[in-house]
Structure formats: C-alpha cells, structure tokens
Amino acid sequence: MGMTITEKILARASNKERVDPGEIIIARVDKVMIHDVSGPPALKILEDLGVEKVFDPSRVWVTEDHFVPPPDTKSAKNLIELRRLAAKYGLRKYYRWGVGQYGVCHALCFEEALVAPGEVFIGGDSHTNTAGGIGSFAAGMGHTDIAFILKNGWTWLRVPETLLFKINGKLREHVMAKDLALHIIGEIGASGASYKAMEFKGEGIKNMNLEERLTLCNMTTEAGAKNGIIEPDEKTIQYFKERGVEFKPVCSDEDAEYLEEFSVDASKVEPMVAKPVSPANSSPVSEDEGLEIDRVYIGSCTGGKLFDLRMAARIMKNRRVKIRTEIAPATQSIYLKALNEGLIEIFAKAGAIILPPTCGACFGGHMGVLGEGEICVSTTNRNFPGRMGHRSSKVYLVSPLTAAASAITGRLTNPREFLHG
Amino acid sequence: MKVFRGRVHKFGDDIDTDVIIPGKYLKEFDPKELAKHAMEGVDPEFPRKVGVGDFILAGENFGCGSSREHAPMALHAAGIRIVLAKSFARIFYRNSINGAYLLPIEIDDDIYNSISDGDEVELDLNKMTLRNLTSGGEFALKEIPEIVVEIFEAGGILKWKPKKL
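What you see is a predicted model, and the numbers here were worked out from it, not measured in a lab.

1. Description of the overall build of chain B
(1) Moving on: When you go through chain B residue by residue, the secondary structure sums to seven helices and seven strands.
(2) Moving on: Along its sequence from the N terminus, chain B presents helices and strands in the succession β-α-α-α-β-α-β-α-β-α-β-β-β-α.
(3) Moving on: Computed over the C-alpha atoms, the radius of gyration of chain B is 15 Å, within 12% of the 15 Å expected from 2.2 N^0.38 for a compact globule of 165 residues.
(4) Moving on: Seen along its three principal axes, the alpha-carbon backbone of chain B occupies a region of about 45 × 40 × 25 Å.
(5) Moving on: A burial count over chain B gives 61% of its 165 residues as buried.
(6) Moving on: By sequence separation, contacts in chain B at least 24 residues apart represent 65% of the contacts at least 6 residues apart.
(7) Moving on: Surface exposure of chain B reaches about 6600 Å², of which carbon and sulfur atoms provide 48%.
(8) Moving on: Counting 22 positive and 27 negative side-chain charges, chain B places the centres of these two groups 6 Å from one another.

2. Some points on the domain arrangement of chain A
Residues and elements named next belong to chain A.
(1) Moving on: Splitting chain A by domain gives domain 1 (5–264) and domain 2 (273–419).
(2) Moving on: Between domain 1 and domain 2, the C-alpha centre-to-centre distance is 24 Å.
(3) Moving on: Taken together, both faces of the contact between domain 1 and domain 2 bury some 3200 Å²; the carbon and sulfur share is 61%.
(4) Moving on: Counting every contact that joins domain 1 to domain 2 gives three salt bridges.

3. Some thoughts on the side chain of A:Lys178
All names here are of chain A.
(1) Moving on: Looking at the element boundaries, Lys 178 is found in helix 6 (residues 177–188).
(2) Moving on: Lacking a salt bridge, the buried Lys 178 has Asp 179 as its closest oppositely charged neighbour, with an N-O distance of 7.7 Å.
(3) Moving on: Polar contacts involving the side chain of Lys 178 include one to the main-chain carbonyl oxygen of Val 398, which spans 2.8 Å.
(4) Moving on: When neighbours within four sequence positions are excluded, Lys 178 is seen to be in contact with Thr 215, Met 219, Thr 302, Ser 378, Thr 379, Thr 380, Leu 397, Val 398 and Ser 399.

4. Here's the deal with the environment of A:Gly142
(1) Moving on: Summarising the element assignment, A:Gly142 is placed in the loop between strand 6 (137–140) and helix 5 (143–152).
(2) Moving on: A:Gly142 sits in the buried class, given a relative accessible area of 0%.
(3) Moving on: Between the C-alpha atom of A:Gly142 and that of A:Pro357, which follows or precedes it by 215 residues, the distance is 23 Å.
(4) Moving on: Ignoring anything within four residues of it in the chain, the contact list for A:Gly142 reads B:Ser67, B:Glu69, B:Ile91 and B:Asn95.

Analysis parameters
Residues numbered from 1 in each chain as written. Chains lettered and ligands numbered in written order. Predicted model: local features only at pLDDT ≥ 70, side-chain atom pairs only at ≥ 80, totals over all residues. Heavy atoms only, no water. Helix = DSSP H or I, 4+ residues; strand = E, 2+ residues; numbered from the N terminus. Rg over C-alpha atoms; globule rule 2.2 N^0.38 Å. Buried < 20%, exposed > 50% of the residue type's maximum accessible area, 1.4 Å probe, protein only. Contact = heavy atoms within 4.5 Å. Areas by Shrake-Rupley, 256 points an atom, 1.4 Å probe, with all protein chains shown as cover. Lys, Arg positive; Asp, Glu negative; His and termini not counted. Charge placed at Lys NZ, Arg CZ, Asp CG, Glu CD. Domains from an automatic or database assignment. Buried area = accessible area lost by both parts, 1.4 Å probe. Salt bridge = Lys/Arg side-chain N within 4 Å of Asp/Glu carboxyl O. Polar contact = N/O pair within 3.5 Å; in protein donor to acceptor, adjacent residues only side chain to side chain.

Next comes the structure, spelled out in structure tokens:
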C-alpha cells in the first residue's frame, strides 16, 4: 500500500520507511515561522529557561504583521521585545515593517519562497496551512509548541488521515479558489476535516495558479484540518527554480490510501458567500444578492495576494466604490507590484483607501475594525462573532471578485455581471 | 492523576478562539489581564461568574479558529482547569496540553445532555469517571491518549522528557 504526500513527507521527517494515520511520530521540522503575536512569548519562554540558542537560526523566519504599524504603545513594546529577542537568538530572516520587505506571514512565505515543496513547516499561526499549496506539510501551532521546536528542532505529531478532493473541470472566469473553498467547507462543515489532511488534485487544480492554490489550502484551517496540501507540478517547480530554491518534489503514490474521497465539478461552482457566524455557513451569492452592506475589506493572507488584487482591479477599473472600501496588499513586495501594474491607481481612483500590509482588521485588531452593527463583505477567512470588531458586527466572506463588485454597488453582488457585459 | 471537583459553565457548539479571547487582546501576554476578558465574545459576565477549579462543558469543535495560546491561558487564569467537550479543535487541544493550562476531555452526547449549567461535577482521572454531584449521574470517560497524559503530568511540553526518541 502506498502513501499520500502528507504521509511521505512525515515519514521522511521521522526517518521511517512508512507512517500510518493515527501513529504518533517524532518529526524533524525544516522551517519555523513566528510573528509579532506568537514570537515574543515563544522566544521569552526560551530566554526564561536559559536556552542560549535555537536549533538552527537559518531555518527560522520572523515577520511583523498583526499589530503593524503599531496602533498603541503596548503593540510597539511587543515589537521592541521581538526585535531584542530575535537579535539575541541570531534570527536574521527578520522582516520588519518600514524597513523593506515584510507583511502577512503566509503571503510573505510565498513571495520570499521561504518554504519549499516537501518540507515540514510549522508556524505560530493557524493559517500556516496556506503553504501546503506549494506541496509542503504546513501546520499551525501555539507559542509553547513553537518554543519547544525552536529549542529542539522537532515536535510530536499524530499522522493525519487524508481526505482527497478531486477537483474536476475548470473554475469559470468569475469564480475563484475562495469560492471553491467555501463550497467545500459548506459541504463538509467547520470541523469536517478536524485533525485530518485535505489533499486537492485534478484538472481544476492543474489549471489554478499557485496563489489560488494557496488560498484553497489557507481555508482548510476553517474545516479544522491539520494541513491542506497540493502536489507540486510544473508550475511549482518553475516558481522555485526561478528563485534558486532546490528541493525534492514529493507526490502521493498511485495506490495511496485515503480516508474518504470527494469529487467536485469546478465548472459548476458559483460565487459563494459564507454568512455569519461560520465559514461553513456558505451558499451561492445569488441567493443573498442585494443584501445591503456597510464596508468592504480586500486583504489578508486569504485575499490580499497579487492575483487577488488583480482580480479586484478588473472590476474596480473606471468605476467608483459606493461604500467604505479598504484594500490591504498582503506584503510590501505585493504592494510594489500592484503599484507598478497600476492597480493601486485603479483602487485610489475608485475611491478606496489603500492600507499598508497588515493583518489589522481581519482579526479585529486595528486599522478599520467594525463598529456596532456594521456589516462587512470581506476577502478574509473568518466570520466568527465579533471577529473584525464589535460583537454585533457581521462579516460575510467572499472572493476578491465578489468583494470588488459589492464595493461598487454597496450590496452583496455576483461579479459575473461586471465581467460578462 | 487526581480528582477534580467544580462547577460547570455550559456552552454550545463551535466556541471559537475569537469569542474565548477577542483578537484585540492578542497584544496582551499577562494571564491576569487576559482572564478579565475570558469568553468575552459569548458572555462578557463570565470572568465574574467563574471560580478557581470550575469546568467548561461544551459541544462540538471547542476552540476552533486561531492558534492563539491566549485562549487556554485566559481560561486557565480565569480559574478553569478542565474542559469537557464533544470534540476539540486541534490547535486548541495541543495548546491546552503543551502549555499544561487545561485538561481537555472528550465526552459523548449523553454526558453533555445530562449536565446543566451550574451543576457541580467530580472528575476522577484514576477511574476515568465523571459524576454529576447535583443530579447524581455517573459516567465512564474515554481514555486520554498516553502522550497527552505524559506531557500534561510533566507540566507541559517544555518540562516533558519523552520516553522514546
């Protein structure tokens, strides 16, 4: 019996011929990420324990993304502390706001090619799953778990069962990976993949660019998955080759065993919306079209990548927004590319505000949080009660195309009419 | 392993980390401060109601969402030691154990339905039983995975000495 890509990566990381779902393994970790929320406490734990060095500083990277630019003195203090501790432990892959490249960790991971296919990547953030889109085993953990890995270079893992999603056909022009993700999570539920791996393959995936694959894997967190994963193909190999990153591609065996298999006809997927208060509470946009909204947010690890901004700009070009619209490119490099391509000008002319790269309002932290009763259509990944601000505010999760169309009309809007005449 | 006794605070399904401790408090790392906002997104009165040693009883997917360790930290600092739930989200589960904040214990529908908000319960980890001291029922619990017990009893993953490597 063969193994899935997840099992093969974990077998290699634990020096075993094979691993089986349910087995507890001791796995080497290839890459570790911390940010300004998980970093300070993780590194402080090491300092308090008297640990003098991390297992391998070259395998650790740090970004400032949650409370940046700092909205208050407490956030600023955390950044000072992060900088002090990163220096102490020799963490040179450190991406700081206002000093060149930095941004939302999962988008930055891709932009800088910090994690390669086949690697075991553990990040101090739940959406670390995103990096599975390039064929790595990527999972999120809390800061104590991260501190342990920083000290030892390994962790304990339960080998997850894998759910296979065969994506047949091709998404239509007005439908994005976000819609496919919301469609799938709506089918299997918010804990439908708890503790499991979600593997995606098929024609619909082959047709997808890498950024869209990242979006799909990013959202696996919202089904409770340990990791989302897509085998590397020519597109993946080309991307890392261009950046001089060497790796050994790992793919699932032909006779790999899956806990369950699902088929999705991508050509039938509609623009989707996840209504409050769960990403699994999804249905086609057409069923709620016309719902009046107050705000639109285009940004985050899910919806602030370059491709996401390009899609939003297609709709916003030569049009004006009707309601408050915020656009946050996910990293400094994405911001610059969007500027060079003229996207920023399109957004500014449309009347939207352009924010610096930040997780900011996505988690209700700062910079555009929602007030009492406000309704936001957002390209982010969570719509829990009060997620983006006040307890009574509401978040509707959509694709960047749907968000842009809704910004123009001031109502929840299917982007099709803007793209097809 | 020992016996825990406390009062139950009952919640429903999908209690996420954003309601356990809202995102705006993530810049805070002091457990006492976090405790003041525990469960704020679902019941702002919770910190005033909870006592040391109390239990949370919840439905499916408790702790879903973020990897923020602030969630089990806040509950621990508020006084909670045991969370009984039909199922747990994976990162919350790991964080509870690896930081030795809370012992998460899976229960079935029958147990969930037999215990009401405010009931006194007694958990015996030696016998793996749960007794409802208010209404009198006694329930057998599922065994906790060995590695989880090992790490929790050690006082968290950083104090844990793995038996095999």
